[in-house]
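# Coordinate analysis (summary)
What follows is the residue order along each chain.
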Amino acid sequence: MDLFDTGVLSNKLPFDGEVYYHGPLFSAKESQEYMEEFLDDIAWENDSVKIFGKHLVLDRKVALYADETVSYTYANVRREALPWTNALRSLKALVEKRTGETFNSCLLNLYPSGKEGMGWHTDAEKEMKEHGVIASLSFGAERNFVFKHKESKRKISFLLEKGSLLVMQGVTQQYWLHSLPKTKKVQQPRINLTFRTFRNLKN
């Protein structure tokens, strides 16, 4: 028992935003079961980007699920959401209870190994709720996650454990970039679930 544990999470960012790391929410066995289920049951598509006018297909895969039909554009690629799976709906409810927030969508990323990562970016697309909370669950390989302040260039880095929850809120996306650096040390896949709130749900 930790006599100094007050149960209050500390903000990982020193200023201009709020990031809270809840640590693992599941046992190693539960995390592995979720990982295997998502590898088999999610309708994965290879992600793609446009660089200097060329369309490049990446090894990283993505999928979008939501309450209703959502159209989402990022990196010049437009995607349509699929209806929730039972597992995703269950995890959404758990994350909502843990954070006290509500979400209407989940963007999933599958990184086959450490050779795939995500460069510096913000999650502030026009379709998303301004300053909306983003809750991120990680399964599979543990990877470093890095924040960089847009003006001061100060960096904050920490390890995302398997089964862990990371929450970004407030003005974080306005002032901080974040990335998942590539690494040759990781050979196993990682799946990341980011629960979000979109503003353009169709009735």
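Placed above this text is the structure.
Here goes a summary of the coordinates provided.

Analysis parameters
- Residues numbered from 1 in each chain as written.
- Predicted model: local features only at pLDDT ≥ 70, side-chain atom pairs only at ≥ 80, totals over all residues.
- Heavy atoms only, no water.
- Helix = DSSP H or I, 4+ residues; strand = E, 2+ residues; numbered from the N terminus.
- Expected span 1.5 Å × (residues − 1).
- Buried < 20%, exposed > 50% of the residue type's maximum accessible area, 1.4 Å probe, protein only.
- Arc of directions from axis to C-beta.
- Polar contact = N/O pair within 3.5 Å; in protein donor to acceptor, adjacent residues only side chain to side chain.
- Contact = heavy atoms within 4.5 Å.
- Salt bridge = Lys/Arg side-chain N within 4 Å of Asp/Glu carboxyl O.

### What about helix α2 (residues 86–99)?
Given a rise of 1.5 Å per residue, 14 residues ought to cover 20 Å, and the 20 Å separating the end C-alpha atoms of α2 matches this to within 8%. What α2 keeps buried is the set Ala 87, Leu 88, Leu 91, Lys 92, Val 95 and Glu 96. Buried residues of α2, viewed axially, fall in a sector of 165°; they line one side. Of the exposed residues in α2, the ones pointing more than 90 degrees away from its buried face are Asn 86 and Lys 97.

### So, the side chain of Ser 164
For Ser 164, the position within the fold is in strand β12 (residues 164–169). Judged by relative accessible area, which is 0%, Ser 164 ranks as buried. At 3.4 Å, the side chain of Ser 164 and the side chain of Tyr 21 are in polar contact. Contact partners of Ser 164, with chain neighbours within four places excluded, come to Tyr 21, Gly 23, Pro 24, Leu 25, Ser 136, Leu 137 and Ser 138.

### Comments concerning the pattern of salt bridges
Under the definition given, this model contains three salt bridges. The salt bridge partner of Glu 33 is Lys 29, with a shortest N-O separation of 2.5 Å. Of this pair, Glu 33 and Lys 29 both sit in helix α1 (residues 28–41), four residues apart, which is roughly one turn of the helix. Under the relative-accessibility criterion, Glu 33 is labelled partly exposed at 40%. By relative accessible area, Lys 29 is classed as exposed at 59%. Ionic pairing is found between Asp 123 and Arg 196, a salt bridge with its closest N-O pair at 3.8 Å. Linking Asp 123 in the loop between β8 (118–121) and β9 (134–140) with Arg 196 in strand β14 (residues 190–196), this pair joins segments that are 73 residues apart in sequence. Accessibility expressed as a relative area gives 9% for Asp 123, which makes it buried. Overall, Arg 196 belongs to the buried group, its relative accessible area being 3%.

### Section: α1
With 14 residues, α1 should cover 20 Å at 1.5 Å per step; its first-to-last C-alpha distance of 20 Å lies within 8% of that length. Of all the residues in α1, the buried ones are Ser 31, Tyr 34, Met 35 and Phe 38. When α1 is viewed along its axis, its buried side chains cluster within an angular range of 100° and face the same direction. In α1, the exposed positions angled more than 90 degrees off the buried face are occupied by Lys 29 and Asp 40. In this structure, the buried residues of α1 make contact with α2, β9 and β14.

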